[in-house]
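Here is how the chains run, residue by residue.
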Amino acid sequence: MPMYGDAGLKLVQHAKRTQNLTHLPPYQTELVRSVAKEVRDLHKDATNLLEPFLKVQGSFDPSTDPATACTLLVNHLSMRRNKRCLLAYHRTRTDKLEDLVWSGHDVLDLSAQQTGGESGSSSLSPQEEDYVRQYGDLLAAFKGHWTDIDLTGSLEPPKDLFIDVRVLKDAGEIQTEYGAINLTKNSQFFVRQGDVERLIAQGYLQKLG
Amino acid sequence: MSYYDLDAILTGAEKIPCTFQLDVPELGYLDNNPGYTLKSGTKVLLPLWLAEMLAIADMGDHQNPDKSFIAFDLPPAVGKDVMAALKADPRSVPIRNQSPNFYNLAKHMMDLAEERELHAVVRKTFLTRAADISLHARKSGGAVSKGEGSNLGIGAAGEEFLRGLDEWERILFRKAHDGARSTKQWIEGIKKRY
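It should be emphasised that the depicted structure is a prediction, and the values quoted were computed from it without experimental measurement.

A short note on the packing of helix 2 (residues 29-56) of chain A against helix 3 (residues 66-102) of chain A
Residue and element names in this part refer to chain A. It is at 10 Å that the axes of helix 2 and helix 3 come closest, and there the two elements cross at 155°. Classified by the angle between their axes, helix 2 and helix 3 sit roughly antiparallel to one another. Note that helix 2 runs across helix 3; the crossing there is left-handed. Residues V32, V35, E38, V39, L42, H43, D45, A46, L49, L50 and F53 of helix 2 lie in contact with helix 3, whose contacting residues are T68, T71, L72, N75, S78, M79, N82, L86, Y89 and H90.

Some points on the pairing of strand 2 (residues 172-176) of chain A
Residue and element names in this part refer to chain A. Relative to strand 3 (residues 179-183), strand 2 runs antiparallel, the two being bridged by five bridges. In the strand pairing of strand 3, G172 is matched with L183. Hairpin connection between strand 2 and strand 3: a loop of two residues separates the two successive antiparallel strands.

Things to note about a nonpolar patch on the surface
Together, A:W102, A:F142, A:W146, A:I149 and A:L151 give the surface a local cluster of nonpolar side chains, amounting to about 460 Å² of exposed area. Look at A:L151 and you get partly exposed, because its relative accessible area is 35%.

A few points about the domain arrangement of chain B
Interfaces are frequently sized by the accessible area removed from exposure as the parts join. Residues and elements named next belong to chain B. In terms of domain boundaries, chain B breaks down into domain 1 (1-73) and domain 2 (75-194). Facing 13 residues of domain 1, the contacting portion of domain 2 comprises 13 residues. Around 1100 Å² of area is buried between domain 1 and domain 2 when both sides are counted, 67% of it from carbon and sulfur atoms. Our count for the contact surface shared by domain 1 and domain 2 stands at zero salt bridges. Only helix 1 (6-11), strand 1 (15-20) and helix 2 (48-56) provide two or more residues apiece to the side of domain 1 that touches domain 2.

Focus: helix 6 (residues 116-139) of chain B
Helix length check: helix 6 of chain B (24 residues) gives 35 Å between terminal C-alpha atoms against 34 Å at 1.5 Å per residue, within 8%. Turning to helix 6 of chain B, its buried residues are B:L118, B:V121, B:V122, B:T125, B:R129, B:A130, B:D132, B:I133, B:H136 and B:A137.

Brief notes about the UniProt feature "domain: DNA replication complex GINS protein PSF1 C-terminal" (unreviewed entry) in chain A
The feature "domain: DNA replication complex GINS protein PSF1 C-terminal" (unreviewed entry), as annotated in UniProt, sits at residues 159-208 of chain A in this numbering. For residues 159-208 of chain A, helix accounts for 18% and strand for 50%, while the C-alpha atoms at its two ends are 14 Å apart.

A word on the domain arrangement of chain A
Residues and elements named next belong to chain A. The domain boundaries assigned to chain A delineate domain 1 (6-143) and domain 2 (162-208). Taken over C-alpha atoms, the centre of domain 1 sits 41 Å from the centre of domain 2. Each partner contributes to the interface: domain 1 provides six residues, whereas domain 2 provides four residues. Counting across the interface, domain 1 meets domain 2 through zero salt bridges. Counting across the domain 1 and domain 2 interface gives zero residue pairs in polar contact (both at pLDDT 80 or more).

Topic: the packing of aromatic side chains
If you walk through the whole model with that rule in mind, you get eleven aromatic pairs over all chains. Ring geometry for A:Y27 versus A:Y89: centroids 6.0 Å apart, planes at 45°, classification tilted. Residue A:Y27 is located in the loop between helix 1 (6-19) and helix 2, and its partner A:Y89 is located in helix 3; the two are separated by 62 residues in the primary sequence. Residues A:Y27 and A:Y89 agree in their burial class; the two are buried. Three or more aromatic residues link up through ring pairs in this structure, and these residues are B:F102, B:Y103, B:F126 and B:W168. The ring centre of B:Y4 lies 4.3 Å from the NZ or CZ of A:R91, which sits over that ring. Note that A:K169 overlies the ring of A:Y204, its terminal NZ or CZ placed 4.8 Å from the centroid.

Points about the sheet that holds strand 2 (residues 43-47) of chain B
All names here are of chain B. Spatially, three strands are ordered 2-1-3 in an open sheet, and the strand pairing comes out antiparallel. At either margin of the open sheet sits one strand with a lone partner, and together these are strand 2 and strand 3 (70-72). The mean inter-strand angle of the sheet, taken between neighbouring strand axes irrespective of direction, is 45°. Sheet topology note: the strand 1/strand 2 ladder contains five bridges and is antiparallel. Bridge assignment links I16 to a residue of strand 2, and that residue is L46.

Overview of the interface of chain A and chain B
Across the boundary between the two partners, chain A contributes 31 residues, which contact 32 residues of chain B. Both sides together, the interface formed by chain A and chain B hides about 2800 Å², and carbon and sulfur atoms give 76% of it. Seen at the junction of chain A and chain B, the total is two salt bridges. For A:K16, the salt bridge identified is with B:E167, shortest N-O distance 3.2 Å. Where chain A meets chain B, there are four residue pairs in polar contact (both at pLDDT 80 or more). The biggest single contributor to the side of chain A that touches chain B is helix 3 of chain A, with 18 residues. Here the side of chain A that touches chain B is built from residues that sort into 18 nonpolar, seven polar and six charged.

Scoring rules and cut-offs
- Residues numbered from 1 in each chain as written.
- Chains lettered and ligands numbered in written order.
- Predicted model: local features only at pLDDT ≥ 70, side-chain atom pairs only at ≥ 80, totals over all residues.
- Heavy atoms only, no water.
- Axes fitted to C-alpha atoms, helices over the stretch in contact; angles between N-to-C directions.
- Helix = DSSP H or I, 4+ residues; strand = E, 2+ residues; numbered from the N terminus.
- Parallel < 35°, antiparallel > 145°, perpendicular 65-115°, else oblique.
- Left-handed = near helix turned anticlockwise from the far one by under 90°.
- Contact = heavy atoms within 4.5 Å.
- Pairing = 2+ DSSP bridges.
- Patch = residues over 30% accessible without salt bridge, like charges linked within 9 Å, V, L, I, M, F, W, Y side chains within 5 Å.
- Areas by Shrake-Rupley, 256 points an atom, 1.4 Å probe, with all protein chains shown as cover.
- Salt bridge = Lys/Arg side-chain N within 4 Å of Asp/Glu carboxyl O.
- Buried < 20%, exposed > 50% of the residue type's maximum accessible area, 1.4 Å probe, protein only.
- Domains from an automatic or database assignment.
- Buried area = accessible area lost by both parts, 1.4 Å probe.
- Expected span 1.5 Å × (residues − 1).
- UniProt positions renumbered as here; feature names shortened; annotations may be inferred.
- Polar contact = N/O pair within 3.5 Å; in protein donor to acceptor, adjacent residues only side chain to side chain.
- Phe/Tyr/Trp six-rings, centres within 6.5 Å; stacked < 30°, edge-to-face > 60°.
- Lys NZ or Arg CZ within 6 Å of the ring centre and 35° of its normal.
- Nonpolar A, V, L, I, M, F, W, Y, C, P; charged D, E, K, R; others polar.

Here is the structure:
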């Protein structure tokens with residue numbers, strides 16, 4: 001028979017697995033919903049339990065009725081446990097999302113690819129998509145203070161100034177010091193690494209050799 | 001240990017053998033009997049997050065200030081048999097099979113109960129095993145995936161040992177392993193540059 005807190009535990013086990021993955025697995029909408037429902041049910045139970053006491057005495061004294069006190073405590077602890085599981089699950093995911101934003105991935109695009117590109121289905125919840133968008137804006141605003149330093153750029157000095165790249169998906173025309181290049185799918189270019197670093201991180205280009 | 005720490009939360013799910021000290025009409029479901037009164041003296045397995053607070057909560061009974069809702073026993077993972085085995089040889093016990101969060105669990109039980117022996121045994125266990133973990137971490141090869149058969153010098157017994165590490169020891173192993181590897185890479189990088 002399922003116990004209170006079992007669904008929450010499943011969420012945390014999901015989160016634990018997520019920590020070791022490079023991508024973000026689909027959001028567990030059903031589990032989250034059932035944990036939230038559990039909390040609502042528990043709250044209702046607690047209110048019902050307390051009602052007769054509040055009506056008669058105006059307050060509840062645990063020492064006169066230890067059995068009810070025990071039930072209420074179990075009830076309260078179950079809610080608290082569920083809350084902790086929910087928060088930990090979401091925090092693990094937002095931590096991961098922040099990392100992805102900092103490493104320059106196009107998170108929303110990435111999550112759509114994972115689910116096979118079906119429109120409307122994403123591995124993020126709508127709230128998480130919102131979070132990523134706003135966090136991305138924040139990061140952009142922060143980086144805007146130092147226009148001459150790329151804060152999310154690689155810390156490794158490049159070995160070669162110029163590299164071969166292959167275009168994985170159409171990225172349109174970009175301007176470089178040596179003129180404009182039109183990046184169409186499957187074409188190859190010999191370009192300056194600094195010009196295309198962003199595009200490689202975003203998955204438009206692949207570095208060769 | 002943080003509120004958001006997943007291992008801490010998972011430790012909370014470990015089951016503790018408990019005995020109820022009073023009749024509770026509403027809690028029959030804890031003993032798979034919803035709708036029935038949970039009788040005083042009933043033995044149930046409760047998750048640590050529940051047992052911990054029930055065991056220390058004050059019942060408000062002024063005649064017996066020490067009495068709480070439940071009495072509890074040590075879970076088998078940190079019970080007599082395991083302790084005896086650890087005393088004999090800390091390295092030969094795969095503590096992960098007892099609990100993936102063995103040390104966390106032991107820590108919680110020590111907080112709840114006066115168990116001097118548990119403390120001594122767990123402490124010695126960690127010290128002995130940590131030395132071995134660091135040894136294995138330095139020996140295992142450059143591959144990121146640990147415990148592959150091709151690793152030099154670990155041998156079957158070593159792999160067996162590494163499989164039995166609990167979460168905390170695994171973190172230790174990974175840190176020791178990555179640390180040794182990064183140092184090696186750094187030194188090689190310096191040699192190349194000059």
